[in-house]
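Structural overview for review
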Amino acid sequence: MTFAELLDQIGGMGRFQILQVTLLVTPILLTASHNLLQNFSAGIPDHYCRVRLAHNGTYAHTNWTQTPTSEEDPWGIPKDASGQPEKCLRFVAEWPPLNASAEVGGNGTGTATEPCKDGWVYDRSIFTNTIIMEWDLVCNRKTRRQMAQSIYMGGVLAGALILGSLADRWVFGRKAILTWSYLQLAVSGVCTAFAPNYAAYCAFRFLVGMALMFMLSPSLALVLEWVPTNIRTIAGTLVGYSATFGQIILPGLAYALPDWRQLQFTASMPFFIFFIYSWFAESARWLVLSGKADQAVDVLKKVAQLNGKKDEGEKLNTEVRRVDQNQMEVSGVDARSSDLMPVKVLSWRTFATSFAYYGLAMDLQHFGFSIYLIQVAFGTIDIPAKLGSAIGMSYIGRRTTQASSVILAGLAILVNILVPSDLRTLRTFLAVLGKGCLASSFNCLYLYTGELYPTVIRYVAPISLRRLNACLVFKTS
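Just so you know, these numbers come straight off a predicted model, no measurement behind them.

Scoring rules and cut-offs
Residues numbered from 1 in each chain as written. Predicted model: local features only at pLDDT ≥ 70, side-chain atom pairs only at ≥ 80, totals over all residues. Heavy atoms only, no water. Core = buried A, V, L, I, M, F, W, Y, C linked by side-chain atoms within 4.5 Å. Buried < 20%, exposed > 50% of the residue type's maximum accessible area, 1.4 Å probe, protein only. Helix = DSSP H or I, 4+ residues; strand = E, 2+ residues; numbered from the N terminus. Disulfide = S-S within 2.5 Å. Expected span 1.5 Å × (residues − 1). Bend = angle between axes of the 7 residues up to and from the residue. Patch = residues over 30% accessible without salt bridge, like charges linked within 9 Å, V, L, I, M, F, W, Y side chains within 5 Å. Areas by Shrake-Rupley, 256 points an atom, 1.4 Å probe, with all protein chains shown as cover. Salt bridge = Lys/Arg side-chain N within 4 Å of Asp/Glu carboxyl O. Phe/Tyr/Trp six-rings, centres within 6.5 Å; stacked < 30°, edge-to-face > 60°. Lys NZ or Arg CZ within 6 Å of the ring centre and 35° of its normal. Contact = heavy atoms within 4.5 Å. UniProt positions renumbered as here; feature names shortened; annotations may be inferred. pLDDT = per-residue confidence, 0-100. Axes fitted to C-alpha atoms, helices over the stretch in contact; angles between N-to-C directions. Parallel < 35°, antiparallel > 145°, perpendicular 65-115°, else oblique. Nonpolar A, V, L, I, M, F, W, Y, C, P; charged D, E, K, R; others polar. Polar contact = N/O pair within 3.5 Å; in protein donor to acceptor, adjacent residues only side chain to side chain.

Section: the nonpolar core
- Ranked by internal contacts, the top residues of the largest apolar core, which has 45 residues, are Tyr 182, Trp 226, Phe 271 and Phe 280.
- Looking at which element gives the most residues to this core, the answer is helix 7 (residues 198-226), with eight residues.
- Of all hydrophobic cores here, the second largest spans 40 residues; its members include Leu 36, Ala 42, Leu 364 and Phe 378.

Here it is, written out as structure tokens:
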């Protein structure tokens, strides 16, 4: 008897499977929020220099306002070529000029300029507060914004390395690591919301990235290993859709909470609830292959009882040990050996997908439209894209569907290069289309790897792909 047949015997896709999949995919709603959170928490508002008043030492600009273009209202701020206030320069002379005969030209006094020595004034009409405003990460400090995202992805990479090592040794099961990840993400996420400075913010975001990596792989493994084989495509797609709806929820959450601290806190607190309810069963497949047949029997009996198959559950001792012997005979795979060579082939596909996906998804302000609407569009396109990939995987196969998704994404991005920059709507449409195709590719990749490898390395193979994924994004963010 195979394990799939054993699973059908105790209820197949019964109440337990439905409940467990629901509990596992719900936290994934917020993983997309944390991945893309910096689009909003580090949003870059319009800004210009503060100018100190000559007569009393106070500041001319304390609140954001559009700088007048009238020559009768000098503001002490030079204009750029398009007539807008310079973001990083102000005139050297004090304002207003002490010498009435000094040259005044609408922009201030004189022509010599200097950096913003007294800070900046920010447009708070879109974002009430971001880390950019709070720690002045503009002008000569603007690279710190990208550094913060790189440090976060460094945490994802570190989490993949640590998790891969734990999975190789098979010391811990899926459930223990998943429970820990919920707690770590909750604590580090809330601490991020109260970070007193930029360094603390980056350190806590690093821990959030690690916890996110700890969470995704065991979640996917537990979903795939508890559902019947014929349901795996649907279950894997459901996991993908959970992340999709998380992307759609994020802009609504960010719009309601324009202060980055409130947004960070709200996106992190639910993980305390996920930690409390993370009581669901360990993977019986993993228990069998780890030589823990007695524990597997206990878990399967509880599952059978919840599925209304209590009598079938009482007969499991012999069947589970037979599955134990059969699967150990055919598995014979060392997760640290050259049996993982197919991962190296799939890694090239992951490289191509990741490079384009995160390049589009992590810099939404450059499209020139409302960042909230762009994020909604980027999330919504995943709905038909992932549905199409699920249908394609069911009828034309995983490999063909995945290859088609990557080719279409590449064409959309290449065509976008040729579109003039003033055609913003067309450029945005092509970017959204490309992002949807890349989401379809990711959907195929993770389900493909989850099914391609036997249980003993099913946990390690997706980790290897995510490790390469995080490494690539860490280098390019």
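Re the state of the cysteines
- Under the defined criterion, the tally for this structure stands at two disulfides.
- Between the sulfur atoms of Cys 49 and its disulfide mate Cys 116 the distance is 1.7 Å. A torsion of -55° about the S-S bond marks the disulfide between Cys 49 and Cys 116 as left-handed. Pair noted here: Cys 49 is in strand 1 (residues 47-49) and Cys 116 is in the loop between strand 3 (113-115) and strand 4 (120-122), with a separation of 67 residues, a long-range link. In this structure, Cys 49 and Cys 116 share a single accessibility class: buried.
- Each disulfide pairs two cysteine sulfurs, and for Cys 88 the partner residue is Cys 139, the sulfurs being separated by 2.0 Å. Residues Cys 88 and Cys 139 share a disulfide whose torsion about the S-S bond is about -95°; that sign makes it left-handed. One end of the pair, Cys 88, is in the loop between strand 1 and strand 2 (89-91); the other, Cys 139, is in the loop between helix 4 (131-135) and helix 5 (143-169), and 51 residues separate them in sequence.
- Note on Cys 139: relative accessible area 14%, which makes it buried.

Details of helix 8 (residues 232-256)
- Its 25 residues give helix 8 an end-to-end C-alpha distance of 36 Å, which sits within 8% of 36 Å, the value for a rise of 1.5 Å per residue.
- At Ile 249, helix 8 shows its maximal kink, close to 25°; a proline, Pro 251, follows between one and four residues later.

So, unusual backbone geometry
- Positive phi outside glycine occurs at Asp 136, with the angle close to 50°.
- Secondary-structure assignment places Asp 136 in the loop between helix 4 and helix 5.
- Phi at Cys 139 takes a positive value of approximately 55°, unusual for a residue other than glycine.

Some words on a nonpolar patch on the surface
- Taken together, the side chains of Leu 387, Ile 391, Tyr 395 and Ile 396 define a hydrophobic patch exposed on the protein surface, amounting to about 470 Å² of accessible area.
- With respect to the helices, strands and loops of the structure, Ile 396 is situated in the loop between helix 17 (382-395) and helix 18 (398-418).
- The exposure class assigned to Ile 396 is exposed, which follows from its relative accessible area of 51%.

Looking at the pattern of salt bridges
- Applying the stated criterion across every chain, the model contains four salt bridges.
- The salt bridge involving Glu 114 is made with Lys 117; its shortest N-O contact spans 3.3 Å.
- Residue Glu 114 is classed as buried on the basis of its relative accessible area of 12%.
- Salt-bridge contacts for Arg 261 lead to Glu 134; the nearest nitrogen and oxygen are separated by 2.4 Å. Residue Arg 261 is located in helix 9 (residues 260-268), and its partner Glu 134 is located in helix 4; the two are separated by 127 residues in the primary sequence.

Here's the deal with the packing of aromatic side chains
- In the structure shown here, the tally under the stated rule is 13 aromatic pairs.
- Between Phe 274 and Tyr 277 the ring centres are 5.8 Å apart and the planes differ by 65°, which places this aromatic pair in the edge-to-face class. Of this pair, Phe 274 and Tyr 277 both sit in helix 10 (residues 270-277), three residues apart, which is roughly one turn of that helix. Residues Phe 274 and Tyr 277 agree in their burial class; the two are buried.
- Over the ring of Tyr 198 we find Arg 144, and its NZ or CZ is 6.0 Å from the ring centre.
- Its end group placed over the ring of Tyr 152, Arg 205 keeps NZ or CZ at 4.2 Å from the ring centre.

With respect to the environment of Ala 409
- Within the element layout of this structure, Ala 409 appears in helix 18.
- Ala 409 sits in the buried class, given a relative accessible area of 1%.
- Linking Ala 409 and Ser 441, residues 32 residues apart in sequence, is a C-alpha distance of 9.0 Å.
- Once residues within four sequence positions are removed from consideration, Ala 409 is found in contact with Gly 434, Cys 437 and Leu 438.

Considering the UniProt feature "transmembrane region" (unreviewed entry) in the protein
- Residues annotated by UniProt as "transmembrane region" (unreviewed entry) correspond here to residues 151-171, 206-227, 233-256, 263-280, 367-385 and 406-423.
- What you have in residues 233-256 is 100% helix and 0% strand, and the ends, taken at the C-alpha atoms, are 35 Å apart.
- Helix makes up 78% of residues 263-280 and strand 0%. Its end C-alpha atoms lie 29 Å apart.

Quick notes on the confidence of the model for the protein
- Per-residue confidence for the protein averages 75 on the pLDDT scale, and 71% of its residues sit at or above 70.
- When the elements of the protein are averaged for pLDDT, helix 21 (residues 460-476) gives the smallest value, 48, and helix 9 the largest, 94.
- A low-confidence stretch, residues 328-341 (pLDDT under 50), is modelled with 17 contacts involving residues beyond four sequence positions or located in other chains.

Some words on the packing of helix 9 against helix 10
- Two elements in contact, helix 9 and helix 10, have axes whose closest approach is 4 Å; the angle formed by their N-to-C orientations is 10°. The orientation of helix 9 relative to helix 10 falls into the category roughly parallel. Within the contact between the two elements, helix 9 uses Thr 266, Ala 267 and Ser 268 and helix 10 uses Pro 270, Phe 271 and Phe 272.
- Taken together, the residues that form the contact of helix 9 with helix 10 break down as four nonpolar, two polar and no charged.

Some remarks on the side chain of Thr 401
- Take Thr 401: it is sitting in helix 18.
- Separated by 3.2 Å, the side chain of Thr 401 and the backbone oxygen of Gly 392 make a polar contact.
- In contact with Thr 401, other than residues within four places in its own chain, are Ser 389, Gly 392, Met 393, Ile 396 and Cys 444.

Some details on helix 2 (residues 15-36)
- For helix 2, spanning 22 residues, the distance from its first C-alpha to its last is 33 Å, which sits close to the expected 32 Å at 1.5 Å a residue.
- Most of helix 2 is tucked away: 16 of the 22 residues are buried.

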